[in-house]
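Given next are the chains, with one letter for each unit.
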Amino acid sequence: MKSFPDSIQAGIEFSSELFRKAKRAVVLTGAGISTPSGIPDFRSEGSGLWSRDEPLEVASLLTFRTHPENSYEWFRPLARQIFEATPNAAHRALAELEKAGYIHSVLTQNIDLLHQKAGTMHVVELHGTLRTLSCTQCFQQVDSMPYLKPFIEQGRLPHCPHCGSLLKPDVILFGEQLPQKTWLEAQRESRTCDLMLVAGSSLEVMPVAGLPMQALDRGAHLVIINNSPTYLNVRADVAIQANVSDIIPAIAEQVLYG
Ligand SMILES: [Zn+2]
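Residues numbered from 1 in each chain as written. Predicted model: local features only at pLDDT ≥ 70, side-chain atom pairs only at ≥ 80, totals over all residues. Heavy atoms only, no water.

## Observations concerning the overall build of the protein chain
Note the following rule: Secondary structure is summarised from DSSP: a helix means a run of H or I of at least four residues, a strand means a run of E of at least two, and numbering begins at the N terminus for each. Atoms counted for the radius of gyration: C-alpha only. Globule rule: 2.2 Å times the number of residues to the power 0.38. The buried label applies to any residue whose accessible area, calculated with a 1.4 Å probe on protein chains only, is under 20% of its type's maximum; exposed applies above 50%, and partly exposed to all values in between. Whether two residues are in contact is decided by their heavy atoms, any of which lying within 4.5 Å being enough. For every accessible area listed, the method is Shrake-Rupley and the probe measures 1.4 Å; residues are considered covered only by the protein chains on display.
Scanning the protein chain from N- to C-terminus turns up 11 helices and 9 strands. Taken over C-alpha atoms, the radius of gyration comes to 19 Å for the protein chain, in line with the 18 Å a tight globule of 258 residues would show. When the backbone C-alpha atoms are referred to their principal axes, the protein chain occupies close to 55 × 35 × 30 Å. Within the span of the protein chain, comprising 258 residues, buried residues form 52% of the whole. Considering only residue pairs separated by 6 or more positions, the protein chain has 69% of its internal contacts joining residues 24 or more positions apart. As presented, the protein chain carries roughly 12,300 Å² of accessible surface, and 50% of it is formed by carbon and sulfur atoms.

In structure tokens:
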């Protein structure tokens, strides 16, 4: 077992206790939970993808509509990393906690499918998913798997099997609204939980960053684990500034076997 500084160890123990007592715990995850799996946080400055291009521009709905090949070209290395990535200890620990009945749902800002690959059943994908593509003309939705490989390896753009028009990944681009059904579900999860764990999110991207506030307003406990402080650390029951792939497995071990 890893050993931690006293203050972090105390945070792990208190968080475990909150999980044990919670009747409905909800987890909100961001890019920080996937960086240990090799997926860059393309929204944060200094990451490889940001320095090459301006994602706010190439990954925007406007660019996709006017120059979809530019968006796809920018997306290609990220798609490869996502396709090849495997879940890390934090994803696996959350899946175990869910299986044991300690977690009701995982809300994620990530599009990388790593929670699902780890075995988590109830995932709310706030920024959409790479699992499916939708036709830009006839809106038919298709499974992305048969299209991903030819795209990643040969750069072949995916076209609709029904009408031949370009397909768009069902991920939310900059400038695009969150899907209403998903957003309502995320709000409901946040308002009905009695414990929220924020893991690997700096809580900077609205409107998702407002979800923990909705939980707090209804009296839920809040645990935040992230490499950098967030605007809600002052209001959290526990705030641990460290790597989620170290801390979440330690919490899970304490909850399950402690
Ligand atoms: Zn079509």
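Next, the rest of the story.
## Topic: the coordination of the zinc ion
Let me state the cut-off plainly: Each metal site is built from N, O and S donor atoms within 2.8 Å (3.2 Å for Na, K and Ca), and since water is not included, such sites may look incomplete.
Every protein donor of the zinc ion is accounted for by Cys135 (SG), Cys138 (SG), Cys160 (SG) and Cys163 (SG), and the metal-donor separations fall at 2.3 to 2.4 Å. We note that the donor set of the zinc ion lies within a single chain, spaced as C-x2-C-x21-C-x2-C.

## Points about the sheet that holds strand S4 (residues 128-135)
We apply this condition: In this scheme, strands are said to pair when DSSP sees at least two bridges between them. Axis lines are fitted through C-alpha atoms, for helices just across the contact stretch, and the angle between N-to-C directions can take any value from 0 to 180 degrees.
Strands sit in the order S5-S4-S6 across an open sheet of 3 strands; the sheet is antiparallel. Since the sheet does not close on itself, it has two edges, and those belong to strand S5 (141-143) and strand S6 (167-171), each with one partner. For this sheet the average axis-to-axis angle between neighbouring strands, irrespective of direction, equals 40°. Where S4 lies against S5, 3 bridges are found, and the strand directions are antiparallel. Each residue of the ladder has a partner; that of Leu133, found in S5, is Val142. Docked against the sheet, helix H5 (residues 68-84) engages S4 and S6, running at close to 55° with respect to S6.

## Comments concerning the pairing of S6
With 5 of 5 residues buried, S6 is to be regarded as a mostly interior element. Relative to S6, S4 runs antiparallel, the two being bridged by 4 bridges. Its bridge partner being in S6, Ser134 is matched across the sheet by Lys168.

## What to know about the nonpolar core
The cut-off we apply is this: What we call a nonpolar core is a set of buried Ala, Val, Leu, Ile, Met, Phe, Trp, Tyr and Cys residues that are connected through their side-chain atoms within 4.5 Å.
Grouped together as the largest cluster of nonpolar side chains are 29 residues, with contacts concentrated most on Ile12, Phe19, Leu197, Ile225, Ile240, Ile247 and Ile248. Sorting elements by how many residues they give to this core places helix H11 (residues 244-257) first, with 7 residues. Those residues in contact with Leu197 that lie beyond four places of it in its chain are Phe19, Val26, Val27, Leu28, Leu94, Val223 and Ile225. Core analysis: the second largest hydrophobic core is formed by 23 residues, Val26, Leu126, Met196 and Val198 among them.

## Quick look at the side chain of Thr129
Structurally, Thr129 is set in strand S4. If sequence neighbours within four positions are ignored, Thr129 has contacts with Leu113, Asp170 and Val171.

## A closer look at helix H9 (residues 180-192)
The condition that has to hold: Helix span, as expected, comes to 1.5 Å for every residue beyond the first. Starting at the helix axis, one direction is taken to each C-beta atom, and the arc is that of these directions.
Spanning 13 residues, H9 covers 18 Å between terminal C-alpha atoms, matching the ideal 18 Å at 1.5 Å per step. Turning to H9, its buried residues number three or more, namely Thr182, Trp183, Ala186, Gln187, Glu189 and Ser190. Along the long axis of H9, the arc covered by the buried residues comes to 160°, so they all point the same way. The exposed set on the far side of H9, more than 90 degrees from its buried face, consists of Gln180 and Lys181. Elements in contact with the buried residues of H9: strand S1 (25-29), strand S2 (105-108), strand S3 (123-125), strand S7 (195-199) and helix H10 (211-217).

## Quick word on the pattern of salt bridges
A side chain with one charge may pair with a side chain of the opposite charge, provided their charged atoms come close. Stated formally: The term salt bridge refers to a pairing of a side-chain nitrogen on Lys or Arg with a carboxyl oxygen on Asp or Glu at a separation within 4 Å.
The full count for this structure, using the stated rule, is 6 salt bridges. Between Lys21 and Glu17 there is a salt bridge whose closest N-O contact spans 3.4 Å. With Lys21 and Glu17 both in helix H1 (residues 6-21) and 4 residues apart, the pair spans about one turn of that helix. Judged by relative accessible area, which is 39%, Glu17 ranks as partly exposed. In this structure, the salt-bridge partner of Arg76 is Glu73, at a minimum N-O distance of 4.0 Å. You can see Arg76 and its partner Glu73 sitting in helix H5, 3 residues apart, about one turn around the helix. Its relative accessible area of 21% is what places Arg76 among the partly exposed residues. The exposure class of Glu73 is partly exposed, given its relative accessible area of 47%.

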